[in-house]
Number of protein chains: 2
Amino acid sequence: MTKPAITYRLIKKEKHTGARLGEIITPHGTFPTPMFMPVGTQASVKAMSPEELKEMGAGIILSNTYHLWLRPGEDLVEEAGGLHKFMNWDQGILTDSGGFQVFSLAELRNITEEGVHFRNHMSGEKLFLSPEKAIGIENALGADIMMSFDECPPFFESYSYIKKSVERTSRWAERGLKAHKNPETQALFGIVQGGGHQELRQQSAKDLVSLDFPGYSIGGLSVGESKAEMNHVLEFTTPLLPENKPRYLMGVGSPDALIDGAIRGIDMFDCVLPTRIARNGTCMTSHGRLVVKNAQFARDFSPLDDNCNCYTCRNYTRAYIRHLLKTEEILGLRLTSYHNLYFLLNLMKQVRQAIMDDNLLDFKENFFEEYGFNKKNARNF
Amino acid sequence: MTKPAITYRLIKKEKHTGARLGEIITPHGTFPTPMFMPVGTQASVKAMSPEELKEMGAGIILSNTYHLWLRPGEDLVEEAGGLHKFMNWDQGILTDSGGFQVFSLAELRNITEEGVHFRNHMSGEKLFLSPEKAIGIENALGADIMMSFDECPPFFESYSYIKKSVERTSRWAERGLKAHKNPETQALFGIVQGGGHQELRQQSAKDLVSLDFPGYSIGGLSVGESKAEMNHVLEFTTPLLPENKPRYLMGVGSPDALIDGAIRGIDMFDCVLPTRIARNGTCMTSHGRLVVKNAQFARDFSPLDDNCNCYTCRNYTRAYIRHLLKTEEILGLRLTSYHNLYFLLNLMKQVRQAIMDDNLLDFKENFFEEYGFNKKNARNF
């Protein structure tokens, strides 16, 4: 039996919740969990340099197989020496399988047992992805953690459709496992699907656990369902997963969902949210959302967040950042992106400390109150 | 008599040319000359952070009075504690007077003895700038070096028009000197105009030198005339300026023009060229221009310039930078901007060494040959 590419080490369980403190040892360094992973869709975390990501404590980042397959092509990345070398990032990388993008971006898709036929979302060109093809691309990219090729059906799709989809996703997972060429240097995760149905999540988890993946993802959430529905699914899904393997909740990045996910035993998260809203001038702060482009901040010479110790908050004012965004200066996007990523990475650091101190529920209560998540009609992020 | 805000110290004259090695001591640090100044039009050198600019050796940057007057307004910058504090830059800053922008950007201008009436190039709003108004804005911004409000007539304008313009610019310079409120902390330069006419350059220089400015700029060049014409004007203009004051050639930034300017006794240069062409994917290298977006570099895993030691060239390949530019990733603009600015700052460092070694003409010959400036139909940059 080959030694898996990554190791999950459980350090401590929180006394009053399902949360757990741990660490994941990868071929490119070790990172603590629960952890938020910044997203570098096209082999770059938007507006950030690798040094800045390290400075803020990002031990692992995510990149998207679908995008890199189309541009610049996985063969070019392989020729460059793999994704780490190509993008000058020597710490952990996780790649998704392209499955989610096929279902969210591509057009005219046609799903068969073999795989998915669809059109390139930019050029319209006809394309095909299968478990074998997706895993082959991920092998060429060379990330430390890879995702199985899955179908991500809409949360509110019918029971009968999701059941068929889950069964196919399990068969695809097994085919991907067989196609995987580098199990000693790249850890392939299985993705638990099943929408909002407990029975189907159980079936999916059981199928995948029997294949003994080195880690498990939970997919098909944060796709339109309520936070309460997402939390409910997590409550009955994480207990189905082995304690000695990492659990990754895909595509989730709002501060409340990170805390709620950690409480329910999630170890890893990713989302484009912090960098996407940053480029639009929306910042996460310890006192809630701040739309720094608003006129009220024109002469506000305080930092984005008076409780934040990031590069942006140590050196720049709301007035200056607003000026940069209004005049479309690139530095503005850099400063807000840096701050939002730091905010989530620092939030996870606080969550890990709260697990250590067995006071995660108190931490959540205080954080939600200060951020405004307890207010009626609270915004999502 | 008040002590001027800056001091120019002449260290050494080159044996075979008019070039000179020196340094300028400002209220915000000392920088060596000849020096290229990166341009931060809107209180930010496009795509760069202050730390990056320091790392590459930029001891002084330029910012534009016209742009800052319109956005965010000089009163806001003053309220922030001045431009240095507003933009988190503790080294030298030079502001122009807005004169050039009024003539290059604004519409429907009407020049009178009092000043210039024109329209905001974005909103169409009616505006007015005079020597007193421009100097007042520059005083509020608080740069270490300020420019007089001048008219910048086209190089090929008639002798009689340029003569009237030069005389008015001299009167405006005197009015600006009188309006200047902070001569002990901000050094106001006079701007020598006169197009291509030796007689008018002489008249302009004589008028301004009689007003005893702490430094002199040469304006109205690099506006459509040939390199030979520009060099010719410099040859008869710099000798008209006092040896104990700095000489600044405005708006010039192509590598050949920097060397040719230094040879003719220029101490300071500025231009948007390196950052502007960088955002378009054009890089300056020791082997000439490189359009890194071109298909031929798709699988080129060498650095932009194999002779360059900048952050970009130490860490990234042409293939990766091309990918970032093709996918419109902000990091691509950061990497090319960094490289081009470093290239010019490093070029000036080499020029200073060549002055020290009395071999500037040999240095020029080698540089021009390698860059391709000696070729027929050589491109401008």
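Because the structure is predicted, anything quoted here is derived from the model rather than measured. (Residues numbered from 1 in each chain as written. Chains lettered and ligands numbered in written order. Predicted model: local features only at pLDDT ≥ 70, side-chain atom pairs only at ≥ 80, totals over all residues. Heavy atoms only, no water.)

Peer 1: Tell me about the pairing of strand 1 (residues 7-13) of chain B, and name the residues and values.
Peer 2: Walk down a regular strand and you will see the side chains alternate between the two sheet faces. Residues and elements named next belong to chain B. Examined bridge by bridge, strand 1 and strand 2 (residues 20-26) share six bridges and lie antiparallel to one another. Opposite Arg9, over in strand 2, you have Glu23 as the bridge partner. Taking the residues that link successive antiparallel strands as the turn, the strand 1-strand 2 hairpin has six residues. (Pairing = 2+ DSSP bridges. Helix = DSSP H or I, 4+ residues; strand = E, 2+ residues; numbered from the N terminus.)

Peer 1: Could you give an account of helix 7 (residues 159-179) of chain B, with specific residues and numbers?
Peer 2: Along its 21 residues, helix 7 of chain B runs 30 Å from first to last C-alpha, staying within 8% of the 30 Å computed at 1.5 Å per residue. By the burial criterion, the buried members of helix 7 of chain B are Ile162, Ser165, Val166, Arg168, Thr169, Ser170, Trp172, Ala173, Arg175 and Gly176 of chain B. (Expected span 1.5 Å × (residues − 1). Buried < 20%, exposed > 50% of the residue type's maximum accessible area, 1.4 Å probe, protein only.)

Peer 1: Summarise the UniProt feature "binding site: Zn(2+)" (unreviewed entry) in chain A; cite the residues concerned and give the values.
Peer 2: All names here are of chain A. With numbering aligned to this structure, UniProt lists the feature "binding site: Zn(2+)" (unreviewed entry) at Cys308, Cys310, Cys313 and His339. A compact arrangement is adopted by the annotated residues: their sequence extent is 32 residues, whereas the largest C-alpha distance between any two is 8.5 Å. Positionally, Cys308 belongs in the loop between strand 16 (288-291) and helix 12 (311-315). Note on Cys308: relative accessible area 14%, which makes it buried. Not counting residues up to four positions away in its chain, the partners in contact with Cys308 are Cys313, His339 and Tyr342. Topologically, His339 is positioned in helix 14 (residues 330-356). Apart from residues no more than four positions distant in its own chain, His339 is found in contact with Cys283, Met284, Leu304, Asp305, Cys308, Cys310, Thr312 and Cys313. (UniProt positions renumbered as here; feature names shortened; annotations may be inferred. Contact = heavy atoms within 4.5 Å.)

Peer 1: Which residues make up the sheet that holds strand 5 (residues 60-63) of chain B, and what values go with them?
Peer 2: All names here are of chain B. Sheet architecture is open: eight strands sit in the order 4-14-13-12-11-10-6-5, paired in parallel fashion. Whereas interior strands pair on both sides, the edge strands pair on one side only; in this sheet they are strand 4 (35-37) and strand 5. Taken pair by pair, the neighbouring strands of this sheet meet at an average axis angle of 25°, ignoring direction. Looking at chain direction, strand 6 (residues 92-95) and strand 10 (residues 145-147) are connected through two bridges and run parallel. Among the inter-strand pairings, Thr95 is bridged to a residue of strand 10, identified as Met146. Where helix 14 (residues 330-356) meets the sheet, its contacts fall on strand 4 and strand 14 (268-270), and the angle it forms with strand 4 comes to roughly 160°. (Axes fitted to C-alpha atoms, helices over the stretch in contact; angles between N-to-C directions.)

Peer 1: Tell me about the relation of the copies chain A and chain B, and name the residues and values.
Peer 2: With an RMSD of 0.0 Å, the operation that places chain A on chain B is a rotation of 180° combined with a shift of 0.0 Å along the axis. Classification of the inter-copy transformation places it as that of a two-fold axis. In terms of proximity to the rotation axis, the leading residue of chain A is Ile330 of chain A, whose C-alpha is 3.8 Å off the axis. When the interface residues of chain A are mapped onto chain B, 100% of them again fall at the interface, so both copies present the same face. (Least-squares fit on C-alpha atoms with pLDDT ≥ 70 in both.)

Peer 1: Residues and numbers for the pattern of salt bridges, please.
Peer 2: Taken as a whole, this structure holds 42 salt bridges over all chains when the rule is applied. The salt bridge involving Asp358 of chain A is made with Lys12 of chain A; its shortest N-O contact spans 2.7 Å. Of this pair, Asp358 of chain A sits in the loop between helix 14 and helix 15 (360-371) while Lys12 of chain A sits in strand 1 (residues 7-13), and the two are 346 residues apart along the sequence. The structure contains a network of salt bridges with shared partners spanning Glu52 and Arg334 of chain A together with Glu52 and Arg334 of chain B. (Salt bridge = Lys/Arg side-chain N within 4 Å of Asp/Glu carboxyl O.)

Peer 1: Lay out the sheet that holds strand 12 (residues 216-218) of chain A with the relevant residues and their values.
Peer 2: Residue and element names in this part refer to chain A. Spatial strand order, 4-14-13-12-11-10-6-5: eight strands in an open sheet with parallel pairing. A single partner strand is all that each edge strand has here, and the edge strands are strand 4 (35-37) and strand 5 (60-63). For this sheet the average axis-to-axis angle between neighbouring strands, irrespective of direction, equals 25°. Along the sheet face, helix 14 touches strand 4 and strand 14 (268-270) and points at about 160° away from the line of strand 4.

Peer 1: Could you give me a rundown of the packing of helix 14 of chain B against helix 15 (residues 360-371) of chain B, with the residues and numbers involved?
Peer 2: Between two packed helices, both the angle of their axes relative to each other and the distance between the axes serve to describe the pair. Residues and elements named next belong to chain B. Running from N to C, helix 14 and helix 15 point in directions that differ by 145°, and their axes come no closer than 8 Å. Residues Phe343, Leu347, Gln350, Val351, Ala354 and Ile355 of helix 14 pack against Leu360, Phe363, Phe367 and Tyr371 of helix 15. Residue classes in the contact of helix 14 with helix 15 are distributed as nine nonpolar, one polar and no charged. (Nonpolar A, V, L, I, M, F, W, Y, C, P; charged D, E, K, R; others polar.)

Peer 1: Give me the UniProt feature "binding site: substrate" (unreviewed entry) in chain A: which residues, what numbers.
Peer 2: All names here are of chain A. Under the UniProt annotation, the feature "binding site: substrate" (unreviewed entry) is placed at Asp96, Ser97, Gly98, Gly99, Phe100, Asp150, Gln193 and Gly220. Summarising the element assignment, Asp96 is placed in the loop between strand 6 (92-95) and helix 5 (99-104). For Asp96, a relative accessible area of 7% gives the class buried. Dropping the residues within four chain positions of it, Asp96 is found in contact with Ser63, Asn64, Thr65, Tyr66, Gln101, Glu138 and Met147. For Gln193, the location among the structural elements is in the loop between strand 11 (187-192) and helix 8 (198-210). Its relative accessible area of 2% is what places Gln193 among the buried residues. Excluding anything up to four places from it in sequence, Gln193 contacts Asp150, Glu151, Cys152, Pro153, Val166, Leu200, Arg201, Ser204, Gly219 and Gly220.

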